[in-house]
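Structural overview
The chain contents come next:
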Amino acid sequence: MKKIVLPLLALVLFSSHIMYLKLDSYFLKPNKSATIQLFNGTFDKSENVIDRDRMLDVSLLNNGQRIKVDESQWSEKDSITFLNFRTGEPGTYVVGVSTAPRSIEMDAEAFNTYLEHEGIQDMLAWRRDNDALEGDANERYSKHVKTIFQVGDKRTDDWQKELGYPIEFIPLDNPYELNTGDELKFKLLFKGKPLANQLVYANYKGSSEEHSHGTAENEHSHASKPEEAHSHEKNAEKHSHDHSKEEKHSHDHGKEEGQSHKATEEAYSHDTNSADAHSHDSEAGGHTHTSGQQLRTDSQGMATAKLTADGIWYLQTIHLQNIEGEEITHESNWSTLTFEITHAHGTDTHTHAPAEEGIPAYVYWVGSLFLIAILFFWFNRKK
Amino acid sequence: MKPSFKKLPVTLLFLFTPFLLAAHGVSSADQEILNNGGLLSYIYVGAKHMVTGYDHLLFLVGVIFYLSGFKDIVRFITVFTIGHSITLIGATYLGIKADEHLIDAVIALSVLYKGFENLGGFEKYLKFKSPNLLLMVFIFGLIHGFGLSTRLQSFDVGSSQFLAKIFSFNVGVELGQICALIPIVFIISQWKNKKSFDSFYKATNLYLIIAGIGLFLYQMYGYYYGGH
């Protein structure tokens, strides 16, 4: 029983937070108000807001210009941080947020569980191979996230510009020139240089196939596709993250609560080498950040994601390395990139209303009345 | 030389295909409204969808044409409303949905059905009496509601106040329906006593057939070539 309970308990306690920039629609109109949501938690649910003083950089790129976003444009509601802005000229826009490093101490068990849960397989394997599983950790972490969205119809080149973050995804194609079924090649830069052999997860949330329900009060969760069953709300109430302060990363539990659970050999009984070692089901009460395609960058820091379905896609990676130092033992840099992929946006699809991209509805009505009028006169003449 | 009557609808069908293709759909503008406007925005988008979602209205036009008297209209519209409310609320709550193109194709057929029935197509061409209209209106109400539900589910509704949002959308649909029906009922009832009503009746119901075929073809085209 202990073998089961300890890992599950640790899993619940040490669920960490990945940061994403999300929009309700990644296709916006020019010169209109818009909102980007900064999620810190899972892709489906933000667990806490981010303070402005934690943001080292917030940039908006469009039409060759990089604009620093003003602090006053941020607001919070519930556990989500909102960036309110106004779109300008048509183009492919990029927004990036880079956060300042923070550190967190974890005992060995908490750290190993966290590595497993976040799919940081390389570090876990290294600890195994080097008999380091018993070592506690003091990790310095920072998060650097980007989103690419399309304003109007005109495609511009900002999507390939580097923001200069410590770790950063750079697509090699404009995602808005791709459709479902295509492949997105991208490179991963670490401190400006290609990062080879780094594990990257690519996943998506269907834009039309899914909405979020839950079993908690007022919440439901339906996913029409297995791949999309990345819903963590079901037992959300079981998560015991301490988010009384936004500054607290969920690893905080490692220090405060993790030490009450001594690391045991049994706690690491999961096979982390397995591709789906982290597919915890909802009964476990935990959530995983490691579903979707597992990709590994090549020697040039490049990898390719298959865009298999319509939806909001995200690439994510956590680069974690050992640090030689007195206090800090590890340093991690987290990165995500979000964008939307659709099957098409022409007049032959139903994705966007004709009023937005094609024939306005009133034209239809006028045409219909005209047609009825022709028929009417036809029948009237026949009498 | 006079064009033949048989060729006219076909010619018009092709002529007006672009208009028929202007089907209603999910708009990112609506999504923005839903994101920022609370429950009222769901009422608004529901009403807007009904008013601009002409396949629903075309079906109702067909139903109203067939009826005489205000009581009858209220009875049939009530049955249609009950039908679409059942599937709109039920299917959305349970997360049941169909391919948008396919369900819209079936709705298009309901428009075609009504025009065909109103023109006496069952008796004239199929040689049997048309099915009970009240029952058919209820069945088509269920189908239209399922279409509305599929549409609602294509929005990112979120998780909070989920049921309230569905109800609000449904309320909006009813309000939109009432708003659209008032001028339709008015025009039809005012025209009924005119000499030209017969031509108007035939023209509109033939149009329903053309629109039904056009919408059906459009949706099937979308189903096969729209990336599904």
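Quick caveat: nothing in here was measured; it's all calculated off a predicted structure.

Conventions we followed
Residues numbered from 1 in each chain as written. Chains lettered and ligands numbered in written order. Predicted model: local features only at pLDDT ≥ 70, side-chain atom pairs only at ≥ 80, totals over all residues. Heavy atoms only, no water. Helix = DSSP H or I, 4+ residues; strand = E, 2+ residues; numbered from the N terminus. Buried < 20%, exposed > 50% of the residue type's maximum accessible area, 1.4 Å probe, protein only. Contact = heavy atoms within 4.5 Å. Areas by Shrake-Rupley, 256 points an atom, 1.4 Å probe, with all protein chains shown as cover. UniProt positions renumbered as here; feature names shortened; annotations may be inferred. pLDDT = per-residue confidence, 0-100. Core = buried A, V, L, I, M, F, W, Y, C linked by side-chain atoms within 4.5 Å. Polar contact = N/O pair within 3.5 Å; in protein donor to acceptor, adjacent residues only side chain to side chain. Phe/Tyr/Trp six-rings, centres within 6.5 Å; stacked < 30°, edge-to-face > 60°. Salt bridge = Lys/Arg side-chain N within 4 Å of Asp/Glu carboxyl O. Pairing = 2+ DSSP bridges. Axes fitted to C-alpha atoms, helices over the stretch in contact; angles between N-to-C directions. Patch = residues over 30% accessible without salt bridge, like charges linked within 9 Å, V, L, I, M, F, W, Y side chains within 5 Å.

**A closer look at the overall build of chain B**
Of regular secondary structure, chain B possesses 11 helices and zero strands. Going residue by residue from the N terminus, the α and β elements of chain B occur as α-α-α-α-α-α-α-α-α-α-α. Looking at chain B as a whole, 56% of its 228 residues qualify as buried. Contacts spanning at least 24 positions in sequence make up 83% of the contacts within chain B whose residues lie at least 6 apart. Accessible surface, chain B: about 10,100 Å² in total, of which carbon and sulfur atoms supply 71%.

**Comments concerning the UniProt feature "transmembrane region" (unreviewed entry) in chain A**
According to UniProt, the "transmembrane region" (unreviewed entry) feature falls on residues 362-379 of chain A. What you have in residues 362-379 of chain A is 100% helix and 0% strand, and the ends, taken at the C-alpha atoms, are 25 Å apart.

**Quick look at the confidence of the model for chain B**
Residues and elements named next belong to chain B. Model confidence for chain B is summarised by a mean pLDDT of 82, while 83% of its residues fall at 70 or above. When the elements of chain B are averaged for pLDDT, helix α2 (residues 17-20) gives the smallest value, 42, and helix α7 (residues 100-118) the largest, 93. Low pLDDT (under 50) marks residues 1-26, which in the prediction has 61 contacts with non-local residues, meaning those over four places away or in another chain.

**Overview of the nonpolar core**
In summary, soluble globular proteins display a tendency toward joint burial of nonpolar side chains. With 74 residues, the main nonpolar core has A:Phe149, A:Leu315 and A:Phe339 as its most contacted residues. Those residues in contact with A:Phe339 that sit more than four places away from it in its chain are A:Tyr26, A:Ile148, A:Pro175, A:Tyr176, A:Leu184, A:Leu307, A:Gly311, A:Ile312, A:Trp313 and A:Leu315. Counting 62 residues, the second largest nonpolar core, distinct from the first, contains B:Leu34, B:Met50, B:Tyr54 and B:Leu57.

**Some details on the environment of A:His144**
Residues and elements named next belong to chain A. By the secondary structure assignment, His 144 is in strand β10 (residues 137-151). Assessed through its relative accessible area of 2%, His 144 is described here as buried. With 24 residues separating them along the chain, His 144 and Glu 168 place their C-alpha atoms 7.0 Å apart. Among all residues touching His 144, those that are not within four sequence positions of it are Val 97, Ser 98, Thr 99, Tyr 165, Pro 166, Ile 167, Asn 333, Trp 334, Ser 335 and Thr 336. Engagement of the side chain of His 144 in a polar contact is seen with the side chain of Asn 333, the distance being 3.0 Å.

**Some points on the environment of A:Ala305**
All names here are of chain A. Counting through the fold element by element, Ala 305 comes out in strand β16 (residues 302-306). You can call Ala 305 buried: its relative accessible area is 0%. For the pair formed by Ala 305 and Asp 182, sequence separation is 123 residues and the distance between their alpha carbons is 8.8 Å. Residues contacting Ala 305, with those up to four places away along its chain left out, are Asp 182, Glu 183, Leu 184, Phe 186, Ala 202, Gln 293, Leu 295 and Leu 315.

**Description of the packing of aromatic side chains**
Residue and element names in this part refer to chain B. Applying the stated criterion across every chain yields a total of 26 aromatic pairs over all chains. Geometrically, the ring pair formed by Phe 65 and Phe 197 is tilted, given 6.0 Å between the ring centres and 40 degrees between the ring planes. With Phe 65 in helix α5 (residues 54-66) and Phe 197 in helix α11 (residues 197-225), the pair connects residues that are 132 residues apart, well separated along the chain. On the accessibility criterion, Phe 65 (4% relative accessible area) is buried. These aromatic residues form a ring-pair network of at least three members: Phe 59, Phe 80, Tyr 113, Phe 116, Phe 122, Tyr 125, Phe 128 and Phe 140.

**Overview of the pattern of salt bridges**
What the rule picks out here adds up to 13 salt bridges over all chains. Between A:Asp158 and A:Lys161 there is a salt bridge whose closest N-O contact spans 3.1 Å. Across the pair B:Asp198 and B:Lys202 runs a salt bridge whose closest N-O atoms are separated by 3.5 Å. Highlighted residues: B:Asp198 and B:Lys202, both in helix α11, separated by four residues, approximately one helical turn. With a relative accessible area of 36%, B:Asp198 lands in the partly exposed category. Residue class for B:Lys202 comes out partly exposed when judged on its relative accessible area of 32%. The network of salt bridges with shared partners includes A:Asp57, A:Arg66 and A:Lys68.

**Here's the deal with unusual backbone geometry**
All names here are of chain A. Notably, Asn 63 is not glycine yet its phi reads approximately 50 degrees, a positive angle. Tracing the sequence through the fold places Asn 63 in the loop between β4 (55-62) and β5 (65-68). On the accessibility criterion, Asn 63 (32% relative accessible area) is partly exposed.

**Focus on the UniProt feature "transmembrane region" (unreviewed entry) in chain B**
Residues and elements named next belong to chain B. When the UniProt feature table is mapped to this numbering, "transmembrane region" (unreviewed entry) covers residues 53-69, 76-96, 132-150, 162-188 and 200-221. Here residues 76-96 is 90% helix and 0% strand, with 26 Å between the C-alpha atoms at its ends. The straight-line gap between the two end C-alpha atoms of residues 132-150 is 27 Å; of that span, 95% is helix and 0% is strand.

**Observations regarding the sheet that holds strand β3 (residues 33-41) of chain A**
Residue and element names in this part refer to chain A. As summarised here, the arrangement of the four strands in space is β1-β3-β7-β6, forming an open sheet in which the pairing is antiparallel. Unpaired on one side and paired on the other, β1 (18-22) and β6 (74-77) mark the two borders of the sheet. The average angle at which neighbouring strand axes cross in this sheet is 25 degrees, direction not considered. The pairing of β3 with strand β7 (residues 80-86) spans six bridges and is classified as antiparallel. Of the residues in β7, the one forming a bridge with Thr 35 is Asn 84.

**A few points about a nonpolar patch on the surface**
All names here are of chain B. The grouping of Tyr 93, Leu 94, Ile 96, Leu 163 and Phe 167 at the surface amounts to a nonpolar patch, some 440 Å² of accessible area in total. Elements represented by at least two residues in the nonpolar patch include exactly α6 (70-94) and α10 (162-191). With respect to the secondary-structure elements, Leu 163 resides in helix α10.

**A closer look at the pairing of β1(A)**
Across a regular strand the side chains alternate sides, sitting on one face of the sheet and then on the other. Residues and elements named next belong to chain A. In terms of residue burial, β1 counts as a mostly covered element, since five of its five residues are buried. Alignment of β1 against β3, held across five bridges, turns out to be antiparallel. Residue pairing for β3: Tyr 20 is matched across the bridge by Phe 39.

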